[in-house]
Amino acid sequence: MTEENEKTTEAAVMTAMAKFLSDLWFVDDFRDQPEYLSEIFETILLTEMGDDQDLRVRMINSIRTSKMLAETLGSFSDGEINKACEKMIKA
């Protein structure tokens, strides 16, 4: 991550995001991530560690972020996502 006042280009940011999404697409199905996180966190909540309020907030935020990603990209096919990422990376 660059420092606050360092110059960067919008293209560099978009290329980095495209690479991230492309890597994410190849690693696992992002559409299932919110459910995976919910299962993991529900199990943690049953433990003593799950009583930590800050941890609960971070878990909820992680689920929310994961859901936003899945909802944003969920209507597109894997091929469409891959094609868009490749186009952005090459730009």
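You'll find the structure just up there.
Given the structure is predicted, the values throughout are model-derived calculations rather than measurements.

What counts, and where the lines are drawn
Residues numbered from 1 in each chain as written. Predicted model: local features only at pLDDT ≥ 70, side-chain atom pairs only at ≥ 80, totals over all residues. Heavy atoms only, no water. Core = buried A, V, L, I, M, F, W, Y, C linked by side-chain atoms within 4.5 Å. Buried < 20%, exposed > 50% of the residue type's maximum accessible area, 1.4 Å probe, protein only. Contact = heavy atoms within 4.5 Å. Patch = residues over 30% accessible without salt bridge, like charges linked within 9 Å, V, L, I, M, F, W, Y side chains within 5 Å. Areas by Shrake-Rupley, 256 points an atom, 1.4 Å probe, with all protein chains shown as cover. Salt bridge = Lys/Arg side-chain N within 4 Å of Asp/Glu carboxyl O. Lys, Arg positive; Asp, Glu negative; His and termini not counted. Charge placed at Lys NZ, Arg CZ, Asp CG, Glu CD. Helix = DSSP H or I, 4+ residues; strand = E, 2+ residues; numbered from the N terminus. Axes fitted to C-alpha atoms, helices over the stretch in contact; angles between N-to-C directions. Parallel < 35°, antiparallel > 145°, perpendicular 65-115°, else oblique. Left-handed = near helix turned anticlockwise from the far one by under 90°. Nonpolar A, V, L, I, M, F, W, Y, C, P; charged D, E, K, R; others polar.

Digging into the nonpolar core
Across soluble globular proteins, you tend to see nonpolar side chains buried next to one another.
Okay, step 1: Among the nonpolar cores identified, the biggest contains five residues, and these are L21, F30, L73, I81 and C85.
Okay, step 2: When neighbours within four sequence positions are excluded, I81 is seen to be in contact with F30, R31, L73 and F76.

Things to note about a negative patch on the surface
Okay, step 1: Together, D32, E35, E39 and E42 line one region of the surface with negative charge.
Okay, step 2: For E42, a relative accessible area of 52% puts it in the exposed group.

Digging into the side chain of S66
Okay, step 1: The topology assignment puts S66 in helix 3 (residues 53–73).
Okay, step 2: We classify S66 as buried; its relative accessible area is 11%.
Okay, step 3: Excluding its chain neighbours within four sequence positions, the residues that come into contact with S66 are Q33, P34 and L37.

Brief notes about the packing of helix 2 (residues 33–45) against helix 3
Okay, step 1: It is the contact of helix 2 with helix 3, at a shortest axis distance of 8 Å, that shows an interaxial angle of 165 degrees. The angle between helix 2 and helix 3 falls in the class roughly antiparallel. Of the two elements, helix 2 crosses helix 3, and the hand of that crossing is left-handed. Contact residues: helix 2 offers Q33, P34, L37, S38, F41, I44 and L45, while helix 3 offers L55, R56, M59, S62, I63, S66, K67 and A70.
Okay, step 2: Of the residues that constitute the contact of helix 2 with helix 3, the class distribution is nine nonpolar, four polar and two charged.

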